[in-house]
Amino acid sequence: MGDRYRFGEYELDTGRHELIHAGKPVHVEPRALYLLCHLVHNRDRVVTKNELLDEVWGDRFVSEAALTTGLRTARLAVGDTGSQQQMIRTVHRRGYQFVSPTTPVNIPAASETRQASGRRPDIPASTHRQTIRFCNAEDGTRIAYATAGSGQDLLKAANWMTHLDLEWTTPLWSHWLNALARNRRLTRYDERGCGLSDWAVPSFTFDDWVDDLETVVDAMGLDQFPLLGVSQGGAVAIAYAVRHPERVSRLILAGAYARGRQVRASNDAERAAAALDLDLARVGWIHQDPSFLRVFASQFLPDGTPEECEAFIAFQRQTTSPENGVRFLEEFANIDVSDIAHRVECPTLIIHSRHDARVPASQASELAALIPDSQLVLLESRNHLLTAAEPAWAEFLFQIDEFLA
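Just so you know, these numbers come straight off a predicted model, no measurement behind them.

Each value, and the rule that gives it
Residues numbered from 1 in each chain as written. Predicted model: local features only at pLDDT ≥ 70, side-chain atom pairs only at ≥ 80, totals over all residues. Heavy atoms only, no water. Buried < 20%, exposed > 50% of the residue type's maximum accessible area, 1.4 Å probe, protein only. Helix = DSSP H or I, 4+ residues; strand = E, 2+ residues; numbered from the N terminus. Pairing = 2+ DSSP bridges. Expected span 1.5 Å × (residues − 1). Arc of directions from axis to C-beta. Contact = heavy atoms within 4.5 Å. Polar contact = N/O pair within 3.5 Å; in protein donor to acceptor, adjacent residues only side chain to side chain. Phe/Tyr/Trp six-rings, centres within 6.5 Å; stacked < 30°, edge-to-face > 60°. Core = buried A, V, L, I, M, F, W, Y, C linked by side-chain atoms within 4.5 Å. Axes fitted to C-alpha atoms, helices over the stretch in contact; angles between N-to-C directions. Lys, Arg positive; Asp, Glu negative; His and termini not counted. Salt bridge = Lys/Arg side-chain N within 4 Å of Asp/Glu carboxyl O. Parallel < 35°, antiparallel > 145°, perpendicular 65-115°, else oblique.

Visitor: Outline the pairing of strand S6 (residues 95-98), listing residues and values.
Guide: Alternating residues of S6 divide into Gly95 and Gln97 and Tyr96 and Phe98, and every residue in both groups is buried. With 4 bridges connecting them, strand S5 (residues 88-91) and S6 associate as antiparallel partners. Within S6, the position partnered with Val91 by the bridge is Gly95. Connecting S5 to the next strand, S6, in antiparallel fashion are 3 residues, including Arg93 with a positive phi near 65°.

What follows is the structure, encoded as structure tokens:
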């Protein structure tokens, strides 16, 4: 049995690990929710950074950037920000304190309270241990990368959006990571501008993304490896494979494209539609408009459950700033590797949802025509990001295992 607290229009049930706003559940990433529970339960004092790291992450090694992200997520869930600090106050050089007026609801017996306060929530755990490290790009940008699992190397290029820590506990990515790290050493990284990598960066171009992948490979000391590129990460992977044909043994492109929407627009109507899509994205991201974010999520997960779509919206908010979200989308629209794709020398597997609502399957066909030693597999799905429950997911994994065997 846990405690229940009411503050403003919110109610927090620490026993059920549930946050309610105006009578409706609020989706919160599990670690951020536990962080919030711990702060509210100990609202009579300042909680140190080390205590929060110990309580929320336990003996798992993470950087302070993970704590910063968790606090940002917790504040967002209760309508607070780092500048306002109306709910969670930062106490310089000491820690954090929950400061909103709070009313306990249905307080249990003291023995029950002690028992509940020491119990961890059921945070979905990965089946693999992960180690997070950092390296620096040539312009000084700090890039976070992580390894999980053991065996044959597989490197995944960064894509929209990533967060090395939170990906393990979101239904969007946890099944990807657990499956890809099975019998392999999976290396991932957060591209500049999101996740645990630096958000404020001097430059934000496609070439920078390729350079960042190059930096991670050098930091890992990898000689030769298969490379996976998902969505716009596919174009980054193609550009890297062309730069370093001696290093990429096999290339996997999932939901990828050679040309961004503005580049591939072939007539006035398509150019107008691409420009309108980008204008709506600018407004929606800057203002964090809920209607836009729901429509945007539906493009990636047209057959996703309501819970998966809400998780997608929450994950985007947790992984980057609105300003960087716009910068990403502007750069994605202008990607063009169509003039170099023919220089990929390694065997390439191109996997794409047949009815992809975000990136048309015609883009996969274009890649297959451009890359010499390539094979195309179309999956029966409408989702740009495959979910764990759909049949296409099992086929996706089978094709990758066969290709890498």
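Still more ground to cover, so stick around.
Visitor: Go over helix H9 (residues 268-287) with me, naming the residues and quoting the values.
Guide: In this model H9 runs 29 Å from its N-terminal to its C-terminal C-alpha over 20 residues, within 8% of the 28 Å that 1.5 Å per residue would give. Every buried residue of H9 is accounted for by Ala274, Leu278, Ala281, Gly284 and Trp285. Projection of H9 onto a plane perpendicular to its axis shows the buried side chains occupying an angular sector of 135°, all on one side. Summarising the geometry of H9, the exposed residues directed more than 90 degrees from the buried face are Asp268, Ala269, Leu276, Val283 and His287. Residues of H9 that are buried in the fold lie against helix H8 (261-264), helix H10 (290-300), helix H11 (306-319) and helix H12 (322-333). Of the residues that open H9, the one with a side-chain oxygen 3.1 Å from the backbone nitrogen of Ala269 is Asn267. Where H9 ends, the next residue or the one after it, Gln288, has phi of about 50°, a positive value.

Visitor: Before we move on, could you go through the packing of aromatic side chains and cite the residues and values that matter?
Guide: Going through the model one piece at a time under the given rule, you end up with 19 aromatic pairs. Centroid distance Trp160 to Phe332: 5.7 Å. Interplanar angle 75°. Geometry classified as edge-to-face. Taken together, the residues span a long stretch of sequence, with Trp160 in the loop between strand S10 (152-156) and helix H5 (174-180) and Phe332 in helix H12 at a distance of 172 residues. A residue is classified by how much of its surface remains accessible, and Trp160, at 6% relative accessible area, is buried. Ring centres 4.9 Å apart and planes at 35° place the aromatic pair Phe300 and Phe312 in the tilted group. Residue Phe300 is found in helix H10, and its partner Phe312 is found in helix H11; the two are separated by 12 residues along the sequence. When sorted by exposure, Phe300 lands in the same class as Phe312, which is buried. Counting every residue linked through ring pairs, the aromatic cluster contains Trp160, Phe204, Phe206, Trp209, Phe292, Phe296, Phe300, Phe312, Phe328 and Phe332.

Visitor: Can you explain the nonpolar core? Please cite residues and give values.
Guide: Counting 93 residues, the largest nonpolar core has Trp160 and Phe396 as the members making the most contacts within it. Here this core takes 8 residues from helix H7 (residues 232-243), the largest share from any one element. If sequence neighbours within four positions are ignored, Phe396 has contacts with Trp176, Ala254, Ile351, Leu379 and Leu386. Core analysis: the second largest hydrophobic core is formed by 29 residues, Phe7, Leu36, Val47 and Ala74 among them.

Visitor: Mind laying out the sheet that holds strand S7 (residues 103-105), listing which residues take part and the relevant values?
Guide: With antiparallel pairing, 5 strands are arranged side by side in an open sheet as S4-S3-S2-S1-S7. Of all strands in the sheet, those bounded by a partner on one side alone are strand S4 (24-25) and S7. Examined bridge by bridge, strand S3 (residues 18-21) and S4 share 2 bridges and lie antiparallel to one another. If you follow Ile20 over to S4, its bridge partner there is Pro25. Seen against the sheet, helix H1 (residues 30-41) touches strand S1 (4-7), strand S2 (10-13) and S3 and runs at an angle of roughly 95° to S2.

Visitor: Give a detailed account of the sheet that holds strand S14 (residues 348-353), specifying residues and quantitative values.
Guide: Pairing is mixed across the open sheet formed by 8 strands, whose spatial order is S8-S9-S11-S10-S12-S13-S14-S15. The sheet terminates laterally at strand S8 (130-136) and strand S15 (374-379), the two strands that pair on one side only. Between one strand axis and the next, the sheet turns through 20° on average, direction left out of account. Pairing geometry for S8 and strand S9 (residues 142-148), over 7 bridges, is antiparallel. Looking across to S9, one finds that Phe134 is bridged to Ala144.

Visitor: Got a sec to walk through the side chain of Arg75? Specific residues and values, please.
Guide: Relative to the assigned elements, Arg75 resides in helix H3 (residues 64-77). Of the buried charged residues, Arg75 lacks a salt bridge, with Asp80 as the closest side chain of opposite charge at 4.3 Å. Within polar-contact distance, the side chain of Arg75 engages the side chain of Thr90 at 2.9 Å. Residues within four places of Arg75 in sequence aside, it is in contact with Asp80, Thr81, Gly82, Gln85, Ile88, Arg89, Thr90 and Tyr96.

Visitor: A description of the packing of helix H2 (residues 49-57) against H3 should follow, citing residues and the corresponding values.
Guide: With their axes 11 Å apart at the nearest point, H2 and H3 run at an angle of 85° to one another. The angle between H2 and H3 places the two elements in the roughly perpendicular class. Side by side, H2 and H3 meet where Lys49, Leu52, Leu53 and Trp57 of the first sit next to Glu64, Ala66 and Leu67 of the second.

Visitor: Explain unusual backbone geometry to me, and be specific about the residues and the numbers.
Guide: Phi at Ala22 is positive, roughly 50°, even though this residue is not glycine. Look at Ala22 and you get exposed, because its relative accessible area is 57%. One non-glycine residue with positive phi stands out, namely Asn183, at about 60°. In this structure, Asn183 sits in the loop between H5 and strand S11 (184-189).

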